[in-house]
Amino acid sequence: MTRVALIDDHESVRLGLEAAAARAATKQVVFSGSTVTEYLNWRASSSAAPADVVVLDLTLGDGTTVTENVRRIVLDGSSVIIHSVADRPAAVREALAAGAAGVVSKSSPIDDVIAAIRTVAKGEPLNNVEWASAVEGDREFADAQLSAREREVLRLYAAGLPLKVVADRLGVAYSTAKENITRVRVKYVEVGRPAPTKVDLLRRAMEDGLLADTATDAGGTRGR
């Protein structure tokens, strides 16, 4: 059962999502409120575990910023989906940079929101039209200045190949491939886009357009 929290200052939006989650049967709405502070206070007072996924409105009426809201939730242990109107790409980029797993437009069918929750709950990045349009053309998502070799190692590794297989595929030593991934992580940290996990590396590779041929290169192989 996926535990979901809804944070939106429009009650009608929350009620609609609650009803959809109830129909999904595999989703349990454990909190519904209008601010992140309310959610964290509820967590503290009830001693409840963090929600698996928090569906967060991009702009709340309490004067908080999207960066602080996303960071507070992520640091508390939950994944964040931004539920937003589609005409504020700069704010959406800010949310993604702060650690949000993805974005779903408020104009999307409610089943798409439920599907997004399912995707993020499985630890997978949410790569959809809203996400793509938010990062498209933004140089902040393509300025890590990876070398050609680093880009190739990242592309294959993020596509799902074990690092040893990546090394074999490229004809380099395992230690060399590992060193490339280490340098990639360092470069992303230097530009404010940390990628400590393999899922994070996948997101960075997607943001930088490195996975166009993922299915062909990975050949269906998955591993760590």
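For the structure itself, look to the data block above.
This structure is a prediction, so every number in the text was calculated from the model and none was measured. Residue positions within a chain follow its written sequence, with the count starting from 1. With the structure being a predicted model, the display of local features is reserved for residues of pLDDT at least 70 and the display and counting of side-chain atom pairs for 80 or more, all residues being used for whole-chain, interface and lining totals. Excluding hydrogens and water, the side-chain values take into account all heavy atoms of the structure.

**Side note on the overall build of the protein chain**
Thinking step 1. Going along the chain from the N terminus, every DSSP run of H or I of four or more residues is numbered as a helix, and every run of E of two or more is numbered as a strand. Counting its regular elements, the protein chain contains 11 helices and five strands.
Thinking step 2. Relative accessibility decides the category of a residue: with a 1.4 Å probe and only protein chains considered, values under 20% of the type maximum give buried, values over 50% give exposed, and everything between is partly exposed. Here the protein chain holds 224 residues, and the buried ones make up 47% of them.
Thinking step 3. In what follows, a contact means two residues having at least one pair of non-hydrogen atoms within 4.5 Å. Counted over contacts in the protein chain with a minimum sequence separation of 6, partners at least 24 positions apart contribute 69%.
Thinking step 4. Of the roughly 10800 Å² of accessible surface on the protein chain, a fraction of 51% belongs to carbon and sulfur atoms. The protein chains shown are the only cover counted for residues, whose accessible areas, like all others here, come from Shrake-Rupley with a 1.4 Å probe.

**Overview of the nonpolar core**
Nonpolar side chains tend to gather and get buried jointly when the protein is soluble and globular.
Thinking step 1. In this structure, Leu154, Leu163, Val166, Leu201 and Leu211 are the most contacted members of the largest nonpolar core, which totals 25 residues.
Thinking step 2. Only α7 (148-158), α8 (163-170), α9 (174-190) and α10 (198-207) provide two or more residues apiece to this core.
Thinking step 3. Considering every element that reaches this core, the biggest residue donor is α7, with five residues.
Thinking step 4. Ignoring any residue separated from it by four or fewer positions in sequence, one finds Val166 in contact with Val153, Leu156, Tyr157 and Leu161.
Thinking step 5. Formed by 24 residues, the second largest nonpolar core is a distinct cluster that contains Ala5, Leu56, Val80 and Ala100. For this analysis, a nonpolar core means a set of buried residues of the types Ala, Val, Leu, Ile, Met, Phe, Trp, Tyr and Cys, connected via side-chain atoms within 4.5 Å.

**Observations regarding the sheet that holds strand β3 (residues 53-57)**
Backbone-to-backbone hydrogen bonds join strands into a sheet, with any given pair of strands oriented parallel or antiparallel.
Thinking step 1. Taking strand neighbours across the sheet as the criterion, the five strands line up as β2-β1-β3-β4-β5 in an open arrangement whose pairing is parallel. Each end of this open sheet is capped by a strand with a single partner; those strands are β2 (27-33) and β5 (102-105). In this sheet, adjacent strand axes meet at a mean angle of 25 degrees when their direction is disregarded.
Thinking step 2. As paired elements, strand β1 (residues 2-7) and β3 share four bridges and run parallel to each other. Bridge pairing in β3 places Ile7 opposite Leu56.
Thinking step 3. Lying on the sheet, helix α1 (residues 11-24) is in contact with β1, β2, β3 and β4 (79-84); it crosses β2 at an angle near 165 degrees.
Thinking step 4. Lines fitted to C-alpha atoms define the axes, with helix axes restricted to the stretch in contact, and inter-axis angles between N-to-C directions lie between 0 and 180 degrees. The strands touched by helix α3 (residues 66-76) are β1, β3 and β4; relative to β4, the strand with the most contacts, the crossing angle is about 150 degrees. DSSP-based pairing: two strands are paired if at least 2 bridges between them are found.

**Points about empty space enclosed by the protein**
Thinking step 1. Only protein atoms enter the 1 Å grid used here. Points where a 1.4 Å probe fits but cannot escape make up a cavity, open sets with protein on both sides within 12 Å along at least five of seven lines make up a pocket, and a residue lines them when an atom lies within 4 Å of a point. Grid points are joined across faces, edges and corners, and a volume is the space filled by probe spheres set on the points. All chains considered together, the criterion is met by one cavity of 30 Å³ or more.
Thinking step 2. In this structure, the largest cavity occupies an estimated 30 Å³ of space.
Thinking step 3. What lines the largest cavity is simply Leu6, Ile7, Asp8, Val13, Arg14, Leu17, Val55, Leu56, Asp57 and His83.
Thinking step 4. Contributing elements (two or more residues each) for the lining of the largest cavity: β1, α1 and β3.
Thinking step 5. Residues belonging to the lining of the largest cavity are distributed by class as follows: six nonpolar, one polar and three charged. Polarity classes work like this: nonpolar for Ala, Val, Leu, Ile, Met, Phe, Trp, Tyr, Cys and Pro, charged for Asp, Glu, Lys and Arg, and polar for all others, with Gly in that last group.

**Overview of α8**
Thinking step 1. Listed in full, the buried residues belonging to α8 are Leu163, Val166, Ala167 and Leu170. Angular distribution of buried residues about the axis of α8 spans 100 degrees; they occupy a single face of the element. Summarising the geometry of α8, the exposed residues directed more than 90 degrees from the buried face are Lys164 and Asp168.
Thinking step 2. Taken from the residues just after α8, Gly171 is the one with a positive phi, measuring 70 degrees. By arc we mean the arc of the directions from the helix axis to the C-beta atoms, nothing more.

**Here's the deal with the packing of α7 against α10**
Thinking step 1. It is the contact of α7 with α10, at a shortest axis distance of 9 Å, that shows an interaxial angle of 120 degrees. The angle between the axes of α7 and α10 places the two elements in the oblique class. Here α7 runs over α10; the crossing is left-handed. Residues Leu154, Tyr157 and Ala158 of α7 lie in contact with α10, whose contacting residues are Lys198, Leu201, Leu202 and Ala205.
Thinking step 2. For the contact of α7 with α10, a count of residues per class yields six nonpolar, no polar and one charged. Each angle receives one of four descriptions, namely roughly parallel if under 35 degrees, roughly antiparallel if over 145, roughly perpendicular if within 65 to 115, and oblique otherwise. Should the near helix be turned counterclockwise from the far one by less than a right angle, the crossing is left-handed, whereas a clockwise turn marks it as right-handed.

**A few points about unusual backbone geometry**
Thinking step 1. Its identity is not glycine, yet Ala25 carries a phi of approximately 70 degrees, on the positive side.
Thinking step 2. Non-glycine residue Ser47 carries a positive phi angle of around 60 degrees.
Thinking step 3. With respect to the helices, strands and loops of the structure, Ser47 is situated in the loop between α2 (36-46) and β3.
Thinking step 4. With a relative accessible area of 66%, Ser47 lands in the exposed category.

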